[in-house]
Amino acid sequence: MNALISIFCGLAAWAIPGIAVLSGKRRMTACAASGWLCAAALYLQIRFYETEVILERWADLMDICHGETIAATVMIVVALAFNLFAWVMPRQGGEHR
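Calculation rules
- Residue numbering note: each chain is counted from 1, following its sequence as written.
- Predicted model: local features are reported for residues with pLDDT of at least 70 only, side-chain atom pairs are reported and counted for 80 or more only, and whole-chain, interface and lining totals are derived from all residues.
- Note that water and hydrogens are dropped before the side-chain values are worked out from all heavy atoms of the structure.
- Helix and strand assignments come from DSSP, with helices taken as H or I runs of at least 4 residues and strands as E runs of at least 2, each series counted from the N terminus.
- In this treatment the radius of gyration is a C-alpha quantity, and the globule benchmark scales as 2.2 Å times the residue count to the 0.38 power.
- The rule is simple: take the accessible area with a 1.4 Å probe, protein chains only, and divide by the maximum for that residue type; under 20% is buried, over 50% is exposed, in between is partly exposed.
- Contacts between residues were defined by any pair of non-hydrogen atoms, one from each residue, lying within 4.5 Å.
- Method for areas: the Shrake-Rupley scheme with a 1.4 Å probe, in which residue coverage is limited to the protein chains shown.
- Definition used for salt bridges: Asp or Glu carboxyl oxygen within 4 Å of a side-chain nitrogen of Lys or Arg.
- Each residue gets a pLDDT score, which is the predictor's confidence in that residue and runs from 0 to 100.

Chemist: Honestly, the overall build of the chain in this entry has me stumped. Any pointers?
Modeler: From N to C terminus, the chain includes 3 helices and 0 strands. Over its C-alpha atoms the chain spans a radius of gyration of 16 Å, topping by over 25% the 13 Å that the globule rule assigns to 97 residues. The proportion of buried residues among the 97 residues of the chain is 23%. The contacts of the chain with a sequence gap of at least 6 include a subset with a gap of at least 24, amounting to 69%. Working note: accessible area of the chain is about 6700 Å², and carbon and sulfur atoms make up 72% of it.

Structure (structure tokens):
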């Protein structure tokens, strides 16, 4: 269940800055929420690993370790790019932030 919730947190972390840019409101709040959702997604993945260790599923851990590292890196890089875009993008009136 942690893995599924983690996926939803990661997707929401990507969607929130885009929605903030389109609506033009509360971009800094959206960037903060996106960061917290990234952190929550990574935390839930760590909890998933903890469960695998407790259950002593070493083969499962070895199978998913490399892919999970790549997925976490992609999630963080894309979320940072979206947040920077939302932060830097000028508002419709021409003012920043």
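The discussion continues.
Chemist: Honestly, the environment of methionine 89 in this entry has me stumped. Any pointers?
Modeler: Of note, methionine 89 is situated in the segment after helix 3 (58-88). Considered as a pair, methionine 89 and serine 6 are 83 residues apart in the sequence and their alpha carbons are 28 Å apart. Those residues in contact with methionine 89 that sit more than four places away from it in its chain are Val21 and Arg27.

Chemist: Would you mind showing me how to read the pattern of salt bridges here?
Modeler: Proximity of charged atoms lets side chains of opposite charge pair with each other. Tallying each qualifying case throughout the model produces 2 salt bridges. For the salt bridge of arginine 47 with glutamate 50, the shortest nitrogen-to-oxygen distance reads 3.5 Å. Here the residue arginine 47 and the residue glutamate 50 both occupy positions in helix 2 (residues 27-54), the gap between them amounting to 3 residues, near one helical turn.

Chemist: Whenever I open this one, the confidence of the model for the chain confuses me. Can you help?
Modeler: Caution is warranted with low-pLDDT regions, since their predicted coordinates should not be read in detail. Here the chain shows a mean pLDDT of 86. Residues at 70 or above account for 92%. Helix 2 holds the highest mean pLDDT among the elements of the chain, 90, whereas helix 3 holds the lowest, 88.

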